[in-house]
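Spelled out, the chains give:
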Amino acid sequence: MKHSMSKRILVAGGGGFLGINLCKNLLEEGHDVICLDNFSSGSKSNLELVSSFRNFTLLEQDVTDPINENVDEIYNMACVASPVQYQADPLQTIRTSTEGINNLLKLAVAKKARIFQSSTSEIYGNPHVHPQQEDYFGNVNPIGPRACYDEGKRCAETLCMDYHRIFNVDIKIARIFNTYGPYMQPNDGRVVSNFIVQALMNQPITIYGDGSQTRSFCYVDDMIAGIKALMKTPQTVVGPVNLGNPGEFTVLELASKVIEMTDSSSRIQFYPLPQDDPIKRRPDITRANRLLNWQPRVKLEQGLAETIQYFEKLLNNNALIAATHSASANPHVNMER
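Residues numbered from 1 in each chain as written. Predicted model: local features only at pLDDT ≥ 70, side-chain atom pairs only at ≥ 80, totals over all residues. Heavy atoms only, no water.

Examining helix α7 (residues 251-262)
Look at α7: 17 Å from first C-alpha to last across twelve residues, which is about the 16 Å you get at 1.5 Å a residue. Along α7, the residues that are buried comprise V251, L254, A255, K257, V258, I259 and T262. Considering only its buried residues, α7 is in contact with α5 (191-200), β8 (205-208), β9 (214-215), β12 (249-250), β13 (268-271) and α9 (300-316). Positive phi shows up at D263, right after α7, with a value of about 50 degrees. (Helix = DSSP H or I, 4+ residues; strand = E, 2+ residues; numbered from the N terminus. Expected span 1.5 Å × (residues − 1). Buried < 20%, exposed > 50% of the residue type's maximum accessible area, 1.4 Å probe, protein only. Contact = heavy atoms within 4.5 Å.)

Right under this line is the structure:
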């Protein structure tokens, strides 16, 4: 329902996992939402989630192309976010992160719009500091296979800060840690979706390394709440702000939990750890607590149950089987993030 406080909002990458969940949330608040996506990683089937909203517009184009829309706010969710996807076309990955945000920042200047940049925990690389705080500069290999994403996102933060300093652009930067939930792609190479898909298909659960590496997993509803809380802060709050669940689990613990919750007959198979894969990853969310009064509420088992239910529906529609077959050609599809 429209109300006097409704805004015209552009969500770049709005067809992706986080993007479509954000679009739905904003539409439910009565805003006019423009989803910009070229569907290189997002899925048009995700648009079913927002098909009933009249105040939704699809702009099918690449974020690296010029954009001219009258908007009040911009959310940049564009860029593939799993190693298997961003390493498949590293040149496009770094272009999306740098040229894409540059286009959106130009639009923000022209329209005097507030802009949100979805940065990443990959900023910290394979960290020497644990848990990771926002004032830690990270340990990133600038010439490794993950650099197209890691350095692309680091450069994007630089561009945001320079536009803020030079043009006084109202920016918000969030460093997003592992997030999961409904509308993830079944073959996106992320650890949660891969484990669930493999378990539901009773296929081997693939773990890289010995499984002792740790990750933190934030349910999508909590993440969207954090993103929106940051966007509602005064202009003096710029970031970066870590958004993620500080609960820390080993990859092996996650695999065992998924097998148990799906009652799967899958066995675990171990593969060599990929180059530059982080050994530990957990956010320090003190800044988010203080500035946003935000912390995750959904426990891992609760979130996994919702996500498993979503993938079970895909399986019943045969969509999961098709996606799994396309992914199985690459034995390294399950790189952890």
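Following the structure, the description resumes.
A few points about the environment of N242
Checked against the element boundaries, N242 lands in strand β11 (residues 241-243). Residue class for N242 comes out buried when judged on its relative accessible area of 0%. In this structure, the C-alpha to C-alpha distance between N242 and I285, residues 43 residues apart in sequence, is 5.7 Å. Residues in contact with N242, not counting those within four places in the same chain, are Y124, Q132, Q133, E134, R175, F177, P283, D284, I285 and A288.

Some points on the environment of C218
Here C218 shows up in strand β10 (residues 218-219). Of the residues examined, C218 reaches a relative accessible area of 0% and is grouped as buried. Sequence spacing of C218 and S265 is 47 residues, and the spatial spacing of their C-alpha atoms is 26 Å. Once you skip the residues sitting within four places of it in the chain, C218 turns out to touch N178, T179, Y180, M223, G244, N245, W294 and P296.

Describing the side chain of S193
Note on placement: S193 falls in helix α5. Assessed through its relative accessible area of 0%, S193 is described here as buried. The residues touching S193, leaving out its near neighbours within four places in the chain, are M184, Q185, D188 and F311.

Some details on the pattern of salt bridges
Within the structure shown, the criterion is met by 16 salt bridges. Between K7 and E73 there is a salt bridge, with its nearest N and O atoms 2.8 Å apart. With K7 in the segment before β1 (8-12) and E73 in strand β4 (residues 73-76), the pair connects residues that are 66 residues apart, well separated along the chain. Relative accessible area serves as the criterion here: at 32%, K7 is assigned to the partly exposed category. Because the salt bridges share partners, they merge into one network encompassing E122, R146 and R281. (Salt bridge = Lys/Arg side-chain N within 4 Å of Asp/Glu carboxyl O.)

What to know about the packing of aromatic side chains
Summed over the entire model, instances satisfying the criterion amount to eight aromatic pairs. Taking 5.6 Å as the distance between ring centres and 65 degrees as the angle between the ring planes, the aromatic pair formed by Y180 and Y219 counts as edge-to-face. Of this pair, Y180 sits in strand β7 (residues 179-180) while Y219 sits in strand β10, and the two are 39 residues apart along the sequence. Each member of the pair, Y180 as well as Y219, is classed as buried. Linked through ring pairs, Y124, Y136 and F177 together constitute an aromatic cluster. (Phe/Tyr/Trp six-rings, centres within 6.5 Å; stacked < 30°, edge-to-face > 60°.)

Structural notes on the packing of helix α3 (residues 90-111) against helix α4 (residues 147-167)
Running from N to C, α3 and α4 point in directions that differ by 15 degrees, and their axes come no closer than 8 Å. As judged from the angle between their axes, α3 and α4 are roughly parallel. The interaxial crossing formed by α3 with α4 has right-handed handedness. Of the residues in α4, those in contact with P90, T93, I94, S97, T98, I101, N102, L105, K106 and V109 of α3 are C148, Y149, G152, K153, C155, A156, L159, C160, Y163 and F167. In the contact of α3 with α4, the residues fall into 13 nonpolar, five polar and two charged. (Axes fitted to C-alpha atoms, helices over the stretch in contact; angles between N-to-C directions. Parallel < 35°, antiparallel > 145°, perpendicular 65-115°, else oblique. Left-handed = near helix turned anticlockwise from the far one by under 90°. Nonpolar A, V, L, I, M, F, W, Y, C, P; charged D, E, K, R; others polar.)

Function cannot be inferred from these measures alone, as they are strictly geometric.
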